[in-house]
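# Overview (structure and organization)
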Amino acid sequence: MVLYLSSMQHTNLLDFTGLYEPDSGMPIKRMVGRFSLKQFIVYDMRNFSHFTDVVLDRAAFGDTDEEFAQAIEGLWRKESRRN
């Protein structure tokens, strides 16, 4: 499954894939709004542990570029320990 965190302006970015259909082989869960990636990883990511892929719309995040990069690095470390 794909988790897609999107801003309002890019809500339909992945529509061409056809993966929003419930019977698709790899459905997409779309969440639209403003996020803090670091907070999302710390507090919410455990609720989405069954997702195999994550698509991040940079415009949806209020983090600075440095905070955003640090959060992604933290997510990679967390996932590498899990696998």
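The residue count restarts for each chain, going from 1 along the sequence in the order it is written. Selection of residues for local features in this predicted model requires a pLDDT of at least 70, selection of side-chain atom pairs for listing and counting requires 80 or more, and totals for whole chains, interfaces and linings are taken over all residues. To obtain the side-chain values, all non-hydrogen atoms of the structure were included, while hydrogens and water were left out.

In this section: helix H1 (residues 37-44). Taken together, the buried positions of H1 are Leu37, Phe40 and Ile41. Looking down the long axis of H1, one finds its buried residues gathered within 95° of arc, a one-sided arrangement. Residues of H1 that are exposed and angled more than 90 degrees away from the buried face: Lys38, Gln39 and Tyr43. The classification of residues rests on relative accessible area computed with a 1.4 Å probe and restricted to protein chains. Under 20% of the type maximum is buried, over 50% is exposed, and intermediate values are partly exposed. Each helix is a run of H or I in the DSSP string that is no shorter than four residues. Each strand is a run of E no shorter than two, and both are numbered from the N terminus. Relevant arc is that of directions from the helix axis to the C-beta atoms, nothing else.

As a further point, take the packing of aromatic side chains. Aromatic pairs are defined between Phe, Tyr and Trp rings, using the six-membered ring for Trp, whenever the two ring centres lie within 6.5 Å; interplanar angles under 30 degrees are classed as stacked, those over 60 as edge-to-face, and all others as tilted. Applying the stated criterion across every chain, the model contains five aromatic pairs. With a centroid separation of 5.7 Å and 25° between ring planes, the pair formed by Phe40 and Phe48 is classed as stacked. Using a relative accessible area of 5% as the deciding quantity, one classes Phe40 as buried. Phe48 gets classed as buried once you look at its relative accessible area, which sits at 14%. An aromatic cluster of three or more residues is present, and its members are Phe35, Phe40, Phe48, Phe51, Phe61 and Phe68. Both a distance and an angle decide whether a charge sits over a ring: NZ of Lys or CZ of Arg must be within 6 Å of the ring centre and within 35 degrees of the ring normal. The residue whose ring lies beneath Arg58 is Phe68, and the NZ or CZ to ring-centre distance is 4.3 Å.

Don't take any of this as a statement about function, it's just geometry.
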